Every structure is written in C-alpha cells, then in structure tokens.
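For reference, the chains in residue letters:
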Amino acid sequence: MSDNRGATVGLLSYETLVHAVAGAMGSMTAMSVFFPLDTARIRLQVDEKRKSQSTPIILAEIAKEEGILSLYRGWFPVISSLCCSNFVYFYTFNSLKRMWVTGGVQSRPSKDLFMGFISGAVNVLLTTPMWVVNTRLKLQGAKFRNEDLHQTHYKGIFDAFSQIIANEGVSTLWNGVLPSLVLISSTDIFLIGAAAKAIATTATYPLQTVQAILRFGQYKAEGKSGLLGSLRNTVYLLMDRIRRHGVLGLYKGLEAKLLQTVLTAALMFVVYEKITAATFRVMGLNRKLRH
C-alpha cells in the first residue's frame with residue numbers, strides 16, 4: 001500500500017514537472033512568433049510623444065528608423081524571463097492542484113481561479129527583477145520621440161542587474177510589482193476564454209502602461225518608498241497621463257497588446273497541450289490532461 005502511494009506521489013510530481021516545462025515551452029514559442037507586437041506596445045506605452053497609429057504602421061516606422069532586427073531587440077532576455085515566469089506559474093499551479101486533489105477537495109472553477117491567483121503572486125514576486133531588466137534591454141537603443149528619455153548602456157543581462165543594483169538600489173528590481181500583483185486576477189481569466197481575456201486586458205491596460213513606465217526606471221519618484229510609495233507612484237502616473245494626454249493616453253498601444261494577448265495565448269496553449277499530450281503518450285500514461 002505504501003509502495004503504491006509512493007509511486008502515485010512520484011507520478012504526480014513528474015506530471016507537475018511536465019506541465020511546467022510544457023507551459024514554459026509554449027510561452028516561449030508564442031512570444032517568439034508575435035514578439036514584434038510586444039515591441040510596438042511597449043514603445044507606445046513608454047514614449048509618450050510617439051503618435052498612436054495602427055500597429056502595422058508603428059512596426060514599419062521602427063523597422064525603417066532602426067532596422068528590421070530592432071523589432072526583435074531584447075528577445076533573449078524577454079524569452080528567458082518568460083520561460084522562468086511560466087515555469088514558476090505552471091509548476092506552482094499544478095502543485096497546488098495536486099495537493100488539493102490529494103486532500104480530497106473537488107476541483108471547481110472558483111478554486112482554479114484562487115490557485116491561479118496564488119500562483120500568479122508567487123510568480124510576480126520571484127520574477128519581477130527579470131522583467132525589469134528585460135524592459136530596460138528591450139528599450140536600449142530605441143529612437144525615442146520624447147527627448148526626456150535617456151539611453152541606457154548595458155552589456156547584457158548580468159551587467160544590467162549589476163548596474164541597476166549599484167546605481168539605483170536592489171529595490172529598483174521590484175519596480176512595478178504593485179501593478180503586477182493587481183493584474184494577476186485578470187491574467188488568470190484565460191481559464192474562461194479568449195474573449196474574456198481581451199475584455200480583461202482592455203480594462204486593466206492603464207495599469208500595464210504604468211507597469212512598463214515603472215520598469216523602465218526613468219520616472220523618479222519622490223517621497224515614501226515601500227508599498228505606500230508604490231501605490232502613490234501608480235496613482236500619480238495614472239493621473240499625470242490623463243492630465244497631459246487625456247484618458248485615451250492610458251490606452252496607447254492597446255491594439256498591439258490585444259493582438260499579442262489573444263494570439264499568443266491561443267498559440268501558447270496549443271503548444272502546451274501538444275507537448276503534455278505527447279510526453280504522457282510517450283511515457284505510456286493514458287489519462288486526460290487538464291490544466
């Protein structure tokens with residue numbers, strides 16, 4: 001009896017690892033395919049003086065001014081961050097789900113959303129430093145319309161970490177963590193479907209704009225630090241953007257983000273399901289796979 005139980009626990013642990021690897025591979029594949037859309041989105045969010053136009057026009061402008069490869073600038077750090085982020089998320093989610101099932105609690109949509117929220121929070125707290133660094137690297141060398149934005153000079157991921165810690169302090173690596181935590185509930189809405197995810201993305205896009213600005217690190221806050229300071233910075237940036245550019249200023253780059261969100265999520269889960277199904281089939285495990 002104990003041997004069977006040990007084998008079951010080992011199997012479930014292996015299954016969790018497969019889900020984590022498949023989720024990471026799916027996200028890397030999808031992001032690589034639609035990476036230029038993310039480039040267009042972040043340029044419009046950070047560079048306030050770049051005119052908001054259709055996504056193809058923005059991409060054409062960037063390619064003409066900076067070269068076609070600039071559409072993929074920062075690909076490696078973004079993909080590295082995404083790989084770690086989704087591995088952490090899927091591993092945490094499936095570990096929680098395994099523990100819940102082992103405890104005899106039946107899986108329900110509300111419990112899945114709760115587990116998704118916990119997994120998202122763990123993911124945000126562990127991987128935000130990587131996202132801060134890849135935002136800096138992704139925008140390095142960009143030709144900004146806003147003259148107030150200055151160029152950074154990092155030699156790579158590790159040099160970026162080193163310079164940020166030395167010049168701005170360790171806490172800078174968690175810039176934008178508050179908006180990220182608030183956004184967790186919307187990111188887990190993918191459990192309901194692509195249409196709901198698109199609605200959630202639109203509703204929370206202003207926070208994503210603030211998140212990108214804070215990660216870029218060129219907004220210098222004054223006053224308190226910590227959670228209260230993060231809240232003040234978030235509110236200030238939202239109100240300041242409205243004051244200078246109107247409410248629509250909070251939604252620059254939304255078209256590119258919606259295209260990226262829906263297309264990337266669809267492709268990611270196709271790859272995820274294919275990898276998990278193929279892996280369990282090869283291992284001789286004939287079971288219904290459910291995320």
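Conventions we followed
- Residues numbered from 1 in each chain as written.
- Predicted model: local features only at pLDDT ≥ 70, side-chain atom pairs only at ≥ 80, totals over all residues.
- Heavy atoms only, no water.
- UniProt positions renumbered as here; feature names shortened; annotations may be inferred.
- Core = buried A, V, L, I, M, F, W, Y, C linked by side-chain atoms within 4.5 Å.
- Buried < 20%, exposed > 50% of the residue type's maximum accessible area, 1.4 Å probe, protein only.
- Helix = DSSP H or I, 4+ residues; strand = E, 2+ residues; numbered from the N terminus.
- Contact = heavy atoms within 4.5 Å.
- Axes fitted to C-alpha atoms, helices over the stretch in contact; angles between N-to-C directions.
- Parallel < 35°, antiparallel > 145°, perpendicular 65-115°, else oblique.
- Nonpolar A, V, L, I, M, F, W, Y, C, P; charged D, E, K, R; others polar.
- Salt bridge = Lys/Arg side-chain N within 4 Å of Asp/Glu carboxyl O.
- Phe/Tyr/Trp six-rings, centres within 6.5 Å; stacked < 30°, edge-to-face > 60°.

Taking an unreviewed UniProt entry as the reference, the protein is identified by name as Peroxisomal membrane protein PMP34 belonging to Anguilla anguilla. Under the UniProt heading Subcellular location (unreviewed entry), the entry covering the protein gives this text: "Membrane". The protein has a UniProt comment under Sequence similarities (unreviewed entry) that states "Belongs to the mitochondrial carrier (TC 2.A.29) family."

*Asks:* What am I meant to see in the nonpolar core here?
*Replies:* Generally speaking, soluble globular proteins have nonpolar side chains that are buried together. Core analysis: the largest hydrophobic core is formed by 10 residues, namely Ala20, Ala22, Ala30, Tyr89, Phe90, Phe93, Met115, Met268, Phe269 and Tyr272. Contributions of two or more residues to this core are made by α1 (2-33), α4 (75-102) and α10 (254-282). Residue contacts for Met268: discarding those within four places in its chain leaves Gly23, Gly26, Ser27, Ala30, Asn86 and Phe90.

*Asks:* Would you mind going over the packing of helix α2 (residues 35-46) against helix α3 (residues 55-66) with me for this structure?
*Replies:* Relative placement of two packed helices is described by the angle separating their axes and the distance separating the axes. Between α2 and α3, the shortest axis-to-axis distance is 10 Å and the interhelical angle comes to 90°. Classified by the angle between their axes, α2 and α3 sit roughly perpendicular to one another. Contacts from Pro36, Leu37, Thr39, Ala40, Arg43 and Leu44 of α2 reach α3 at Thr55, Ile58, Leu59, Ile62 and Glu66. Across the contact of α2 with α3, the residue classes break down as 7 nonpolar, 2 polar and 2 charged.

*Asks:* Where do I start with the UniProt feature "transmembrane region" (unreviewed entry) in the protein in this structure?
*Replies:* Under the feature "transmembrane region" (unreviewed entry), the UniProt entry names residues 17-37, 74-93 and 113-133. Along residues 17-37 one finds 95% helix and 0% strand; the C-alpha atoms at either end are 30 Å apart. Its end C-alpha atoms 28 Å apart, residues 74-93 is made of 95% helix and 0% strand.

*Asks:* Whenever I open this one, the pattern of salt bridges confuses me. Can you help?
*Replies:* Close approach of charged atoms allows side chains of opposite charge to pair. Throughout the structure, instances matching the rule amount to 14 salt bridges. Across the pair Arg50 and Glu61 runs a salt bridge, and its minimum N-O distance is 3.0 Å. With Arg50 in the loop between α2 and α3 and Glu61 in helix α3, the pair connects residues that are 11 residues apart, well separated along the chain. Residue Glu61 is classed as partly exposed on the basis of its relative accessible area of 21%.

*Asks:* Just checking my understanding: could you explain the packing of aromatic side chains for this structure?
*Replies:* The way to describe two aromatic rings as a pair is by their centre distance and the angle between their planes. Counted according to the given criterion, the structure contains 9 aromatic pairs. Here the aromatic rings of Phe90 and Phe269 are separated by 6.4 Å at their centres, their planes lie at 55°, and the arrangement is tilted. Of the two residues, Phe90 sits in helix α4 while Phe269 sits in helix α10, which places them 179 residues apart along the sequence. Owing to a relative accessible area of 2%, Phe90 belongs among the buried residues under this scheme. Ring geometry for Tyr205 versus Tyr251: centroids 6.2 Å apart, planes at 20°, classification stacked. In this pair, Tyr205 sits in helix α8 (residues 194-216) while Tyr251 sits in the loop between α9 (226-245) and α10, placing the two residues 46 residues apart along the sequence. Residue classification places Tyr251 among the partly exposed positions, given a relative accessible area of 26%.

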